[in-house]
Amino acid sequence: MAEQKPSVSTFRKMKREQKPVVMLTAYDAPTAALAVKCGVDLLLVGDSVGNAILGYTTTIPVTMEESLHHCRAVVRGTRSNAFVIGDMPFMSYHASEEQALLNAAKYLQDAGCDAVKLEGGMEVVPLVKRMTTAGVPVCAHIGLCPQQVKVQGGYRIAGRSGDAAERLMQEALALEEAGAFMIVLECVTAPVAEKITQALSIPTIGIGSGAGCNGQVQVVTDILGLSGYLPKHAKRYADLASIMENAFTSYVEDVRSGKFPTSENAHQ
Ligand code: KIV
């Protein structure tokens with residue numbers, strides 16, 4: 001019998017049963033299909049597509065159209081059988097609540113995603129409530145928020161001071177109260193992330209926030225060795241860059257030396 005597609009209640013149940021939730025980013029159909037085949041619980045089409053795939057240096061330039069394009073590919077790749085979160089890009093949910101709701105709807109109606117993710121603390125609480133009430137499941141994201149990089153002047157670890165830790169806790173509680181079904185904690189110090197995890201009934205998904213979260217998310221190009229560098233919060237599970245380099249070099253050599261194509265590769 002085919003496995004049932006996960007829903008927001010699947011992840012709440014996993015938290016209750018203390019089963020770790022495994023999230024991975026995906027940006028294209030074949031990678032998404034493989035990740036789900038290997039047991040990844042849910043996919044995030046992160047705005048990290050900007051740095052990971054599109055050649056931008058930050059996530060700021062990513063547009064709604066670019067994000068939706070990759071969401072559609074991931075949803076098609078998993079034949080709509082995986083839980084897919086679309087990550088709302090910079091300025092797609094800030095101009096007005098109306099704009100935010102209409103943009104969120106595009107992830108569900110046009111791209112076929114199951115939920116959206118948006119960055120921010122207290123300032124997005126009313127929006128999370130509006131979206132959830134309207135029927136859009138929201139994954140919140142606090143701690144290091146890459147869309148704030150220009151205001152913050154860089155990427156900062158979150159929760160180091162007592163005040164910062166308390167603020168994160170209050171944000172997490174308010175986002176849960178507003179209806180978020182899950183919350184990403186990015187680069188939050190491990191003790192603070194663990195405390196937040198214990199205080200919430202929705203699952204926390206950590207990245208660089210320690211093992212005390214209910215689940216983990218990684219950027220797929222980091223774990224596959226395609227990012228060019230390895231952030232502290234990531235682990236490299238494969239060195240695809242070397243494998244691709246070898247393959248491309250062999251292909252170039254074969255064409256230049258006449259080894260490829262052979263008669264087997266030609267239509268007669
Ligand atoms: O865009 C992204 O990939 C993310 C994860 C790092 C959580 O937001």
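Preceding block: the structure.
What this report covers is the structure whose coordinates are included nearby.

Conventions used here
Residues numbered from 1 in each chain as written. Predicted model: local features only at pLDDT ≥ 70, side-chain atom pairs only at ≥ 80, totals over all residues. Heavy atoms only, no water. Near = heavy atom within 4 Å. Polar contact = N/O pair within 3.5 Å; in protein donor to acceptor, adjacent residues only side chain to side chain. Nonpolar A, V, L, I, M, F, W, Y, C, P; charged D, E, K, R; others polar. Buried < 20%, exposed > 50% of the residue type's maximum accessible area, 1.4 Å probe, protein only. Helix = DSSP H or I, 4+ residues; strand = E, 2+ residues; numbered from the N terminus. Pairing = 2+ DSSP bridges.

Here we take up the site of the ligand. Lining the immediate surroundings of the ligand are Thr25, Leu44, Gly46, Asp47, Ser48, Asp87, Lys117, His141, Val184, Ile207 and Val217. Take Asp47: an N or O atom from its side chain is 2.9 Å from an oxygen atom of the ligand. Here an oxygen atom of the ligand and a side-chain polar atom of Ser48 are 2.5 Å apart. Looking at the shell around the ligand residue by residue, the class counts come to 4 nonpolar, 4 polar and 3 charged.

Residues in a regular strand point their side chains to alternate faces of the sheet. Within strand 6 (residues 182-186), 5 of the 5 residues are buried, leaving the element largely enclosed by the surrounding structure. Both faces of strand 6 are covered, namely the face carrying Met182, Val184 and Glu186 and the face carrying Ile183 and Leu185. Pairing analysis gives 5 bridges linking strand 5 (residues 138-143) to strand 6, with the strands arranged parallel. The residue bridging Gly143 from the neighbouring strand is Glu186, located in strand 6.

Along the chain, Phe260 connects to Pro261 via a cis peptide bond; the corresponding omega equals 0°. Inspection of the secondary structure assignment puts Pro261 in the segment after helix 11 (240-257). You will see that Arg79, though not glycine, has its phi angle at about 50°, which is positive. Relative to the helices and strands, Arg79 resides in the loop between helix 4 (64-77) and strand 3 (83-87). At Ser80, a position not held by glycine, the phi torsion is positive, near 55°. Given the relative accessible area of 43%, Ser80 is considered partly exposed.

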